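# Descriptive structure summary
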Amino acid sequence: MKFGLSSLAWQSPFSNPMEIFAKAKKYGCDSYEICIEDFESIDVNEINKAKAEYQMETTTICGAFGESRDVSSDVPEYRQGGIDYIKGMIDVAEKIGCGTIVGPMYSACGKARQITPEEKAQAWDWAVENLKICAAYAQSKGIRLAIEPLNRFETDFINTVDQGLELVERIGYDNVGLLLDTFHMNIEEEDMIAAIRKAGKKVFHLHTCANNRGIPGRDNFDWEAIAAAVKEIGYDEYCVIESFTPECKEIAKSASVWRAFCESPEAIPEQGIPFLNKIFN
């Protein structure tokens with residue numbers, strides 16, 4: 001197992017890859033997960049130079065899914081905006097050697113509504129239809145999509161592994177699977193360990209986050225049981241710590257990030273990665 005950090009723990013938007021990759025390497029990261037909030041801040045050539053300089057991987061790209069990037073929206077322009085955004089991330093991924101796009105790409109973050117069963121069914125149909133388009137585009141470039149269930153306070157759509165697996169099945173592409181996040185699972189799953197086992201081979205990526213989004217190991221999780229379940233399903237790729245800075249305006253409101261989660265942003269990988277390495281390896 002290898003380990004990494006989400007860019008959202010340190011900066012918003014992502015920038016200065018040479019400086020940031022040097023710091024990530026210093027604190028033990030094998031990979032740095034880039035959040036693309038806007039494409040203007042992404043310099044593909046600089047990222048590739050920094051990767052080569054510091055032997056840093058960029059195995060995953062995550063997205064900031066706002067209202068105008070919602071493939072299940074009842075606004076046609078927003079649905080198209082979601083498709084265009086995901087395709088844009090796929091294009092960046094291809095250029096920086098990233099194999100997996102991750103995140104709640106089925107809806108806008110922070111979207112919470114009381115809607116009828118008919119409206120819910122329509123949202124599902126739109127999500128499936130448009131994510132099939134994205135999956136086909138990703139497949140043509142050898143890239144996977146890992147769909148992330150979020151807790152009920154961040155989305156009214158996909159909250160559990162069962163719902164995630166249903167969406168993956170309806171999309172019907174082999175390059176579509178799940179991102180499991182221990183923070184969200186702790187809120188939504190009756191049995192986190194059973195949920196990991198049920199997701200099985202459809203687990204494409206892991207966010208190993210504390211129950212309060214802080215440093216793994218400084219929490220109330222049974223990490224040994226989590227690691228045992230992850231090993232049982234044969235997942236041995238990357239664990240990424242996804243914590244947030246309140247300075248990330250695109251994410252902070254939808255994820256209810258009102259405070260810093262630890263004494264410093266650097267403490268997240270400095271303490272979290274050695275802990276995860278001990279548990280998983």
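All of these numbers come straight from a predicted model, not from anything done at the bench. (Residues numbered from 1 in each chain as written. Predicted model: local features only at pLDDT ≥ 70, side-chain atom pairs only at ≥ 80, totals over all residues. Heavy atoms only, no water.)

## Description of the side chain of Arg 69
With respect to the helices, strands and loops of the structure, Arg 69 is situated in the loop between β3 (60-63) and α3 (76-96). What makes Arg 69 buried here is its relative accessible area of 18%. One polar contact links the side chain of Arg 69 to the main-chain carbonyl oxygen of Ala 64, over a distance of 2.8 Å. Contacts of Arg 69, omitting those with residues within four sequence positions, involve Ile 36, Glu 37, Asp 38, Ala 64, Tyr 78, Gly 81, Gly 82 and Tyr 85. (Helix = DSSP H or I, 4+ residues; strand = E, 2+ residues; numbered from the N terminus. Buried < 20%, exposed > 50% of the residue type's maximum accessible area, 1.4 Å probe, protein only. Polar contact = N/O pair within 3.5 Å; in protein donor to acceptor, adjacent residues only side chain to side chain. Contact = heavy atoms within 4.5 Å.)

## Section: the pattern of salt bridges
Inspection of the entire model under this criterion finds 14 salt bridges. Two residues, Lys 141 and Glu 94, come together in a salt bridge whose shortest N-O distance is 3.0 Å. One end of the pair, Lys 141, is in the loop between α4 (117-140) and β5 (144-147); the other, Glu 94, is in helix α3, and 47 residues separate them in sequence. A relative accessible area of 27% means that Lys 141 is categorised as partly exposed. We note a salt bridge from Arg 213 to Glu 242, for which the minimum N-O separation is 3.8 Å. Taken together, the positions of Arg 213 in the loop between β7 (203-207) and α8 (223-232) and Glu 242 in the loop between β8 (238-241) and α9 (249-252) put the pair 29 residues apart, joining distant regions of the chain. Given the relative accessible area of 2%, Arg 213 is considered buried. Assessed through its relative accessible area of 7%, Glu 242 is described here as buried. Beyond isolated ion pairs, a larger network of salt bridges with shared partners links Asp 91, Glu 94 and Lys 141. (Salt bridge = Lys/Arg side-chain N within 4 Å of Asp/Glu carboxyl O.)

## Section: the pairing of β5
Here strand β4 (residues 100-103) pairs with β5 via four bridges, running parallel. Following the sheet pairing, Thr 100 is matched in β5 by Arg 144. For the crossover from β4 across α4 to β5, the handedness is right-handed. Sheet topology places β5 next to strand β6 (residues 176-181); three bridges connect them, and they run parallel. Note on β6: the bridge partner recorded for Ile 147 is Leu 178. (Pairing = 2+ DSSP bridges. Right-handed = clockwise from strand over helix to strand, strands pointing away.)

It is worth stressing that arrangement in space is one thing and function is another; only the former is reported here.
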